[in-house]
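Architecture at a glance
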Amino acid sequence: MQAKLIDGKAVSAALREQLKEEVAALAEDGITPGLAVVIVGDDPASKVYVRNKKKACEELGLHSEEYALPAETTQEELLALVDKLNKKPDIDGILVQLPLPAHLDEKAVIEAISPDKDVDAFSAVNVGKIMIGDYKFLPCTPAGIMELIKSTGIEVKGRECVVVGRSNIVGKPMAMLLLHQHGTVTICHSRTADLPSVTRRADILVVAVGRAKFVTADMVKPGAVVIDVGMNRDENGKLCGDVDFAEVAEVAGAITPVPGGVGPMTITMLMRNTITAAKK
Ligand code: GUN
């Protein structure tokens, strides 16, 4: 392996120390940031995420409230809870854990969250604000990736940045954040013609396609920074990313591992958004 490992756990831990100081400063003004996490049903992966979010709040000294609703919860009941949380003064951030059970309208629920408390930055208003570069919250995964890129010491300005994947949660906002930092940005995806010829242009390559080991060494420019957002299981049931780590690490200049790369950053960014929301 020749690439430098981008250690998401270490970058995340350093950021959490800074956030603790911000929480302490707010405490002097009598402010405790508060996060409400809503989970509907009993998806095991969602339960783990929610538990980790609660633990992070405890570690940083944030107030947190968990609302675990049964799978049969109706749209009206869920919207009533969101409305209550929108008005609750000790709650600065609201996160409704996705995916929701199929009978619920996710889009309507997201739009019901007050934009000032939408710490995921998923609502149309907050997405629009990101587009015009006038935002309060950044979506957690792309924001965490920007911090990881920063930690490599490589400047985005003027570089070829290629984002593989076009989801509303990662690919699209990721491209926008790189653009704000003056990168030359290409978004590509599974239907891009001759994808390797596009990814090989990248000085900074962000991969969020949801396919195990999709990006191979021949798709990567020597020395590139490679950020792997994937979280998959390989043929042996082992956790792996969207990048074939073993072979790409021989070509890249820096690379995130899975696990231990992007994953540890997202909850830290959620904490940062909640603290930002409390500073209003
Ligand atoms: N489910 C998986 N990741 C996320 C996330 O970042 N936010 C929400 N609300 N749900 C998720």
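Keep in mind the model is a prediction, meaning the values are calculated, not measured.

**Topic: the overall build of the chain**
Each helix and strand counted, the chain has 10 helices and 11 strands in total. With the C-alpha coordinates of the chain rotated into their principal frame, the extents come out at 50 × 45 × 35 Å. Excluding contacts between residues fewer than 6 apart, the proportion of contacts in the chain whose partners are at least 24 apart in sequence is 70%. Accessible area of the chain: about 13,000 Å², with a carbon and sulfur share of 53%. Here the chain contributes 32 positive and 38 negative side-chain charges, whose respective centroids are spaced 2 Å apart.

**A short note on the site of the ligand**
As a structural note, the neighbourhood of the ligand is formed by Leu95, Val96, Gln97, Leu98, Asp120 and Phe122. Contact between the ligand and Gln97: a nitrogen atom at 3.0 Å from a side-chain N or O atom of the residue. Take Leu98: an N or O atom from its main chain is 2.8 Å from a nitrogen atom of the ligand. Computed on the free molecule, the ligand has an accessible area of 280 Å², of which 74% lies beneath the protein chains in the complex. Judged by the fraction of its atoms near the pocket grid, the ligand is located in the largest pocket. Across the shell around the ligand, the residue classes break down as four nonpolar, one polar and one charged.

**What to know about the UniProt feature "binding site: NADP(+)" (unreviewed entry) in the chain**
With numbering aligned to this structure, UniProt lists the feature "binding site: NADP(+)" (unreviewed entry) at Gly165, Arg166 and Ser167. Checking the annotated residues one by one, the ones that line the largest pocket turn out to be Ser167. Following the sequence through the fold, Gly165 ends up in the loop between β5 (160-164) and α7 (171-180). Aside from chain neighbours lying at most four places away, what touches Gly165 is Gly171, Ile187, Cys188, His189, Ala208 and Val209. Here Arg166 lies in the loop between β5 and α7. The contact partners of Arg166, leaving out residues within four places of it in the chain, are Gly171, Lys172, Ile187, His189 and Arg191. Within polar-contact distance, the side chain of Arg166 engages the side chain of His189 at 3.5 Å.

**Notes on the environment of Gly34**
Along the chain, Gly34 turns up in strand β2 (residues 34-40). Taking the C-alpha atoms as reference, Gly34 lies 9.9 Å from Lys88; in sequence the two are 54 residues apart.

**Some words on the UniProt feature "domain: Tetrahydrofolate dehydrogenase/cyclohydrolase catalytic" (unreviewed entry) in the chain**
In the numbering used here, UniProt assigns the feature "domain: Tetrahydrofolate dehydrogenase/cyclohydrolase catalytic" (unreviewed entry) to residues 6-120. Counted over residues 6-120, helix gives 50% and strand 16%. Its end C-alpha atoms are 24 Å apart.

**Structural notes on the packing of helix α6 (residues 140-151) against α7**
Taken N-terminus to C-terminus, the directions of α6 and α7 make an angle of 40°; their axes are 9 Å apart at the nearest point. By the angle between their directions, the pair α6 and α7 is classed as oblique. Viewed along their axes, α6 and α7 form a crossing whose handedness is right-handed. Seen from α6, the contacting residues are Pro142, Ala143, Ile145, Met146 and Ile149; seen from α7, they are Pro173, Met174, Leu177 and Leu178. Taken together, the residues of the contact of α6 with α7 break down into nine nonpolar, no polar and no charged.

**Regarding the nonpolar core**
Formed by 47 residues in total, the largest nonpolar core has its most connected members in Leu178, Ile227 and Met271. Top element by residues in this core is helix α10 (residues 263-278). It accounts for seven residues. Here this core spans two domains, and each of domain 1 (31-114) and domain 2 (139-263) adds at least three residues to it. In this structure Met271 touches Leu19, Leu35, Lys53, Ala56, Cys57, Leu60 and Leu62, once residues within four positions along its chain are discounted. If you look at the next biggest cluster of nonpolar residues, it comprises 21 residues, including Ala3, Val198, Val215 and Met219.

**What about the pairing of strand β3 (residues 63-69)?**
Pairing between β2 and β3: seven bridges, direction parallel. Residue Val37 lies in a different strand from β3, and its bridge partner there is Glu66. As a crossover connection, the stretch from β2 through helix α2 (residues 44-60) into β3 is right-handed.

**Digging into the layout of surface pockets**
The calculated volume of the largest pocket comes to roughly 1,400 Å³. Lining the largest pocket are 46 residues; nearest its centre among them are Tyr49, Thr141, Met231, Gly263 and Thr266. Where the lining of the largest pocket is concerned, the elements lending two or more residues are α1 (8-28), α2, β4 (93-96), α6 and α10. No other element matches α2, which puts eight residues into the lining of the largest pocket. When the residues that make up the lining of the largest pocket are grouped by side-chain class, the tally is 26 nonpolar, 12 polar and eight charged. Both domain 1 (31-114) and domain 2 (139-263) contribute no fewer than three residues apiece to the lining of the largest pocket. Lining of the second largest pocket is provided by 13 residues; of these, Ile110, Phe122, Val127, Asn168 and Ile169 occupy positions nearest its centre. Of the residues forming the lining of the second largest pocket, the biggest block, four residues, is contributed by helix α4 (residues 106-112). Partitioning the lining of the second largest pocket into residue classes produces nine nonpolar, one polar and three charged.

Reading the values: rules and limits
- Residues numbered from 1 in each chain as written.
- Predicted model: local features only at pLDDT ≥ 70, side-chain atom pairs only at ≥ 80, totals over all residues.
- Heavy atoms only, no water.
- Helix = DSSP H or I, 4+ residues; strand = E, 2+ residues; numbered from the N terminus.
- Contact = heavy atoms within 4.5 Å.
- Areas by Shrake-Rupley, 256 points an atom, 1.4 Å probe, with all protein chains shown as cover.
- Lys, Arg positive; Asp, Glu negative; His and termini not counted.
- Charge placed at Lys NZ, Arg CZ, Asp CG, Glu CD.
- Near = heavy atom within 4 Å.
- Polar contact = N/O pair within 3.5 Å; in protein donor to acceptor, adjacent residues only side chain to side chain.
- 1 Å grid on protein atoms, 1.4 Å probe; cavity = no way out; pocket = protein on both sides within 12 Å on 5 of 7 lines; lining within 4 Å.
- Sits in = over half its atoms within 2 Å of the grid points.
- Nonpolar A, V, L, I, M, F, W, Y, C, P; charged D, E, K, R; others polar.
- UniProt positions renumbered as here; feature names shortened; annotations may be inferred.
- Axes fitted to C-alpha atoms, helices over the stretch in contact; angles between N-to-C directions.
- Parallel < 35°, antiparallel > 145°, perpendicular 65-115°, else oblique.
- Left-handed = near helix turned anticlockwise from the far one by under 90°.
- Core = buried A, V, L, I, M, F, W, Y, C linked by side-chain atoms within 4.5 Å.
- Buried < 20%, exposed > 50% of the residue type's maximum accessible area, 1.4 Å probe, protein only.
- Domains from an automatic or database assignment.
- Pairing = 2+ DSSP bridges.
- Right-handed = clockwise from strand over helix to strand, strands pointing away.
- Points joined across faces, edges and corners; volume = space filled by probe spheres on them.

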